[in-house]
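Structural characterization, general
The chain contents come next:
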Amino acid sequence: MATITLYQFEECPYCMKVRAKLAEMKLEYEKVNVPRDREDPLRKDLLEKSGVPTVPVIKIDDRYIGDSSAIVAYLEKKF
């Protein structure tokens, strides 16, 4: 089974959309709340790896995907 990590803001509606899809699909995942500061090293790292400057970003195994619609589409295709 894939290892899934969701990088998110707790109150973000797009992050909630991804969490709802993960719950619907009964997929286990780790949540990481990211800082709001775009200059934070974690945010910069996520931008570099996903190409997306916002959350949510999901890491599945070694692949990073940003944007809630792209994440949901990937989950539906992969699982």
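Residues numbered from 1 in each chain as written. Predicted model: local features only at pLDDT ≥ 70, side-chain atom pairs only at ≥ 80, totals over all residues. Heavy atoms only, no water.

1. Quick word on the packing of aromatic side chains
- Applying the stated criterion across every chain, the model contains 1 aromatic pair.
- With centroids separated by 6.4 Å and ring planes inclined at 25°, the aromatic side chains of Y7 and Y64 adopt a geometry described as stacked. With Y7 in strand β1 (residues 4-8) and Y64 in strand β4 (residues 63-66), this residue pair connects regions lying 57 residues apart in the sequence. One exposure class covers both Y7 and Y64, and it is buried.
- For R36, the ring lying beneath its charged end belongs to F9, and the centroid distance is 4.0 Å.
- Positioned above the aromatic ring of F79, the side-chain terminus of K78 is 5.7 Å from the ring centre. (Phe/Tyr/Trp six-rings, centres within 6.5 Å; stacked < 30°, edge-to-face > 60°. Helix = DSSP H or I, 4+ residues; strand = E, 2+ residues; numbered from the N terminus. Buried < 20%, exposed > 50% of the residue type's maximum accessible area, 1.4 Å probe, protein only. Lys NZ or Arg CZ within 6 Å of the ring centre and 35° of its normal.)

2. As for the pairing of β1
- Judged by how many residues are buried, β1 sits mostly within the fold: 5 of 5 residues are covered.
- With burial as the criterion, each face of β1 is covered, one bearing I4, L6 and Q8 and the other bearing T5 and Y7.
- One ladder, built from 4 bridges, connects β1 with strand β3 (residues 57-60); its direction is antiparallel. Looking at β3, one finds that Y7 is bridged to V57.
- Bridge count between β1 and strand β2 (residues 30-33): 4 bridges; the pairing is parallel. Within β2, the position partnered with Y7 by the bridge is V32. (Pairing = 2+ DSSP bridges.)

3. Quick word on unusual backbone geometry
- The residue after V55, namely P56, is reached through a cis peptide bond having omega 5°.
- Structurally, the position occupied by P56 is in the loop between α2 (41-50) and β3.
- One non-glycine residue, K26, adopts positive backbone phi at about 55°.
- Looking at the secondary structure, you find K26 in the loop between α1 (13-24) and β2.
- You will see that D61, though not glycine, has its phi angle at about 55°, which is positive.

4. As for the environment of K77
- Relative to the elements of secondary structure, K77 occurs in helix α3 (residues 68-78).
- Here K77 falls in the exposed class, since its relative accessible area comes to 74%.
- With 14 residues separating them along the chain, K77 and R63 place their C-alpha atoms 14 Å apart.

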